[in-house]
Amino acid sequence: MDLGVPVFELTMNNQTISQQGTGKISILSPADLEIAEVTAEPGVARTGASTDFSRMTPLPKGTRATVIGREGEWLRLDYGAWIKASEVQIVKDAVPPRSIIRSASSRQVSGWTEVLFPLEIPVPVTVQEGERTFTLTLYNTTAQTDIIRIQDDPVISRLEWQQISPLQVQYTFNLKSAQQWGYKLRYEGTTLVLSLKHPPVNTSAVPNSQAKPLSGIKILIDPGHGGPQDGGAVSPVGIREKTVALTVSKLVREELVNRGANVLMTRVEDVDLDLPPRVEMIQKEEPAIAISIHYNALPDNGDAIKTKGVGAFWFHPQAHSLATFLHNYLVAKLNRPSYGVFWNNLAMTRPAVAPSVLMELGFMINPEEFEWIVNPTEQKKLAEAIAQGVTEWFASVK
Ligand SMILES: [Zn+2]
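What counts, and where the lines are drawn
- Residues numbered from 1 in each chain as written.
- Predicted model: local features only at pLDDT ≥ 70, side-chain atom pairs only at ≥ 80, totals over all residues.
- Heavy atoms only, no water.
- Domains from an automatic or database assignment.
- Contact = heavy atoms within 4.5 Å.
- Buried area = accessible area lost by both parts, 1.4 Å probe.
- Polar contact = N/O pair within 3.5 Å; in protein donor to acceptor, adjacent residues only side chain to side chain.
- Nonpolar A, V, L, I, M, F, W, Y, C, P; charged D, E, K, R; others polar.
- Donors = N, O, S within 2.8 Å, 3.2 Å for Na, K, Ca; no water.
- Helix = DSSP H or I, 4+ residues; strand = E, 2+ residues; numbered from the N terminus.
- Buried < 20%, exposed > 50% of the residue type's maximum accessible area, 1.4 Å probe, protein only.
- Pairing = 2+ DSSP bridges.
- Axes fitted to C-alpha atoms, helices over the stretch in contact; angles between N-to-C directions.
- Parallel < 35°, antiparallel > 145°, perpendicular 65-115°, else oblique.
- Expected span 1.5 Å × (residues − 1).
- Phe/Tyr/Trp six-rings, centres within 6.5 Å; stacked < 30°, edge-to-face > 60°.

**Digging into the domain arrangement of the protein**
- Partitioning the protein into domains gives domain 1 (2-91), domain 2 (99-197) and domain 3 (203-396).
- Counting residues at the interface gives 11 residues for domain 1, matched by 13 residues for domain 2.
- When the area that domain 1 buries against domain 2 is broken down by residue, the three leading residues are Thr 57, Pro 60 and Tyr 79, summing to 53%.
- Across the contact surface, domain 1 and domain 2 share three residue pairs in polar contact (both at pLDDT 80 or more).
- Residues of the side of domain 1 that touches domain 2, tallied by class, amount to five nonpolar, three polar and three charged.

In structure tokens, the structure reads:
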């Protein structure tokens, strides 16, 4: 409906002034509501309208929300996040997507517990991993819940829920262990499926075997960079990060295999490999843990002599313990300087399907540290320490 040109009126002390505005006012027919449906797998939700803004929980394909704003190629969704227009399709509907939830249930599939939330429409979700909790928030959703079926489970000790605002339902999973092993979110039709990974099972013939403490445990090692285009950091004498990362990754693989682990590598040669296929390999293989091996370049305005040491990077809380443990272990066992443990939203720390960490094992440009980095005896000791650190970490989180 077109209402024509707006007129603004202001009344003060019984005097009314009015002024004609510019533009036209029209009331949108409800049939004109623009609803975004996520077509990407998953859609990247952000806190603002550019890639500078932080990532929120990715939206599973099929998620629907009302578009309440636009800025360039970005759309603002009703629950607060922004998404790129290219990751959604616009559907017109007379009503904003809202859902009632009446029940939830769980089932176990190999290595995972799946929790099913039957909805009327796929709504936006966010998750938060706590110290011993996993919290799932459903937006545009109102509970009429009267039954939740959760069997005794390897991961979940108890599920609680509450309607935290008229259109937000929050489910809090109290967990059996402080260590979380990964999660996945997807829509099956209009049912939200949350998958929580079970702890890895040691398949050693002799339980707790000292010889093969990592029997049957799948570990993914990602040697950073590779190929002619992507050498990574460069040392003063022109040695590339990609080369040292591959050498040490292969030594780590050997040490882990000796301890019984089933080791996968994203690359075993000097080949081009972008970040997306590395991430896809983690998603597909669902390892118990993923470790990306790098050496550091100098930060902007950094001092090549003073900047040194081992750095560990994590993003999801489930990876924090592994990052901290490995960092502390390498610093202590190898008497290396510490660069620090960092929360960092990196492609290789972002997979949620497994605790995923990125290690920066020293600074290529530091003349003193570089000697240690390229020394074959020290490389072997480093690989042993990483494998032993991983082994002791697995033992510590049981
Ligand atoms: Zn690197």
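Having seen the structure, we can now continue with the description.
**Focus: the coordination of the zinc ion**
- Listed as protein donors to the zinc ion are His 225 (NE2), Glu 241 (OE) and His 294 (ND1); their distances from the metal cover 2.0 to 2.1 Å.
- Along the chain, the residues donating to the zinc ion are arranged with the sequence spacing H-x15-E-x52-H. One end of the pair, His 225, is in the loop between β17 (218-223) and α1 (241-258); the other, His 294, is in strand β19 (residues 289-296), with 69 residues separating them in the sequence.
- Overall, His 294 belongs to the buried group, its relative accessible area being 11%.

**Focus: the sheet that holds strand β12 (residues 141-149)**
- Here we have five strands laid out as an open sheet, ordered β12-β8-β9-β16-β15, and mixed in their pairing. Each edge of the open sheet carries a strand with a single partner, namely β12 and β15 (183-188). Across the sheet, the axes of successive neighbouring strands diverge by a mean angle of 25 degrees, strand direction being ignored.
- Direction of pairing for strand β9 (residues 112-118) relative to strand β16 (residues 191-197): antiparallel, over a ladder of seven bridges. Bridge pairing links Thr 113 to Leu 196 in β16.

**A few points about the side chain of Asn 366**
- Within the secondary structure layout, Asn 366 lies in the loop between β22 (356-363) and α4 (367-374).
- Engagement of the side chain of Asn 366 in a polar contact is seen with the backbone oxygen of Ile 305, the distance being 2.9 Å.
- Beyond its immediate sequence surroundings of up to four residues, Asn 366 is in contact with Ala 304, Ile 305, Thr 307 and Lys 308.

**Some remarks on the packing of α4 against helix α5 (residues 376-397)**
- Look at α4 against α5: their axes get within 5 Å of each other, and the N-to-C directions meet at 75 degrees. With respect to their mutual orientation, α4 and α5 come out roughly perpendicular. Packed against α4, whose contacting residues are Trp 372, Ile 373 and Val 374, the element α5 presents Pro 376, Glu 378, Gln 379 and Leu 382 at the interface.
- By residue class, the composition of the contact of α4 with α5 is five nonpolar, one polar and one charged.

**So, α1**
- Taking 1.5 Å per residue as the helical rise, α1 with its 18 residues ought to reach 26 Å, and the 26 Å between its terminal C-alpha atoms agrees with that figure.
- All buried positions along α1 are accounted for by Glu 241, Lys 242, Val 244, Ala 245, Leu 246, Val 248, Ser 249, Leu 251, Val 252, Glu 255 and Leu 256.
- Gly 260 sits one or two residues past α1 and shows a positive phi near 100 degrees.

**Topic: the packing of aromatic side chains**
- Summed over all chains, the structure comprises 12 aromatic pairs.
- For the pair Trp 181 and Phe 394, a centre-to-centre distance of 5.8 Å together with 10 degrees between the ring planes defines the contact as stacked. Pair noted here: Trp 181 is in the loop between β14 (168-175) and β15 and Phe 394 is in helix α5, with a separation of 213 residues, a long-range link.
- A relative accessible area of 6% means that Trp 181 is categorised as buried.
- Looking at Phe 394, the relative accessible area reads 4%, which means it is buried.

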